[in-house]
Amino acid sequence: MEFDNTKHSLNFEEMDSYHRDFIEIYNSLEYDTSEAYKNVMIKILEQTKLHFCHEEELMSKHKYPRIKEHSDEHKKVLYEMEYFINGSNTIVGRKILKSYFLEGLPSWFDTHLVSMDSDLSSFLKEKINS
Ligand SMILES: [Fe+2]
Ligand SMILES: [Fe+2]
């Protein structure tokens, strides 16, 4: 994964920095082994908790009207990550974790940034600059 300015940048550093960190951790995968996928997923989960917590603080501080919808989506993703990590002690579970990492996660990330996060950053930029 590459941090793609046209797709990923919200031009709002408070949020962009977490998104760049996400990609950096994602790219730290060195080996094509189930152990490696699991370890990187655990790091992503920890960083994503901070990332979401930060966005949720911004939402509540600035009374973002779609806070419930956005936070519910965050909860769903954290649940998925935990679920796939915990399930990775079987052969099938390891295959699922790998395909989640290679396909599900990047596609979720792109979609979330262009939809919910971009809506939130526009709202915040307007709020803060007015
Ligand atoms: Fe985000
Ligand atoms: Fe978000």
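Notes on the structure in this doc start here.

Quick notes on the packing of helix 4 (residues 67–86) against helix 5 (residues 91–129)
Two elements in contact, helix 4 and helix 5, have axes whose closest approach is 12 Å; the angle formed by their N-to-C orientations is 170°. The angle between helix 4 and helix 5 places the two elements in the roughly antiparallel class. Here H70, E73, V77, F84 and I85 of helix 4 lie close against helix 5, whose contacting residues are I96, L97, Y100, W108, H112, M116 and L120. A breakdown of the residues in the contact of helix 4 with helix 5 according to their chemical character gives 9 nonpolar, 2 polar and 1 charged.

Quick look at helix 3 (residues 34–61)
The end-to-end C-alpha separation of helix 3 is 40 Å, in line with the 40 Å expected for 28 residues at 1.5 Å each. Among the residues making up helix 3, those that are buried are Y37, M41, I44, T48, E55, L58 and M59. The first or second residue beyond helix 3 is K63, which carries a positive phi of 50°.

Here we look at the nonpolar core
Core analysis: the largest hydrophobic core is formed by 12 residues, namely F22, Y37, M41, I44, M81, F84, L97, Y100, F101, L105, F109 and L113. Those elements giving two or more residues to this core turn out to be helix 3, helix 4 and helix 5. Discounting chain neighbours no more than four positions away, the residues touching F22 are I44, Q47, T48, H51 and F109. L58, M59, Y64 and L124 belong to the second largest nonpolar core, which has 5 residues in total.

What about unusual backbone geometry?
Here the phi dihedral of N11 falls at roughly 55°; this positive angle occurs in a residue that is not glycine. Within the secondary structure layout, N11 lies in the loop between helix 1 (5–8) and helix 2 (13–26). One non-glycine residue, K63, lies in positive phi territory at about 50°. Judged by local crowding, K63 falls into the exposed class, with 9 C-beta atoms found within 10 Å.

Thoughts on the packing of helix 3 against helix 5
At their nearest, the axes of helix 3 and helix 5 sit 12 Å apart, and the two run at 15° to each other. Overall, the two elements helix 3 and helix 5 adopt an arrangement that is roughly parallel. Helix 3 and helix 5 meet at a crossing whose hand is left-handed. The residues of helix 5 that touch helix 3, namely those facing S34, Y37, K38, M41, E55, L58 and M59, are R94, L97, K98, F101, L120 and L124. By residue class, the composition of the contact of helix 3 with helix 5 is 8 nonpolar, 1 polar and 4 charged.

So, how was this worked out
For every chain, the first residue of its written sequence is number 1, and the numbers climb from 1 along that sequence. Lettering for chains starts from A, numbering for ligands starts from 1, and both go in the order in which the items are written. Local features in this predicted model are restricted to residues whose pLDDT is 70 or higher, and side-chain atom pairs enter the listing and the counts only when it is 80 or higher, whereas totals over whole chains, interfaces and linings include all residues. Structural elements are reduced to axes, namely lines fitted to C-alpha atoms, with helices fitted over the stretch in contact, and the angle between N-to-C directions of any two is expressed from 0 to 180 degrees. Only DSSP runs of H or I reaching four residues or more are called helices, and only runs of E reaching two or more are called strands; each is numbered from the N terminus. In this scheme, roughly parallel covers angles under 35 degrees and roughly antiparallel covers those over 145, while 65 to 115 is roughly perpendicular and the rest are oblique. A pair of residues counts as a contact when their C-beta atoms, built from backbone coordinates, are separated by no more than 7 Å. Charged means Asp, Glu, Lys or Arg here, nonpolar means Ala, Val, Leu, Ile, Met, Phe, Trp, Tyr, Cys or Pro, and polar covers whatever is left, Gly included. To estimate how far a helix should extend, the number of its residues minus one is multiplied by 1.5 Å. Here the C-beta atoms are placed from the backbone, and a residue counts as buried if at least 20 other C-beta atoms lie within 10 Å of its own, exposed if 12 or fewer do, and partly exposed otherwise. By convention the nonpolar core is taken to be a set of buried residues drawn from Ala, Val, Leu, Ile, Met, Phe, Trp, Tyr and Cys and joined through C-beta atoms within 7 Å. Handedness of a crossing follows from how the near helix is turned relative to the far one, being left-handed for an anticlockwise turn of less than a right angle and right-handed for a clockwise one.

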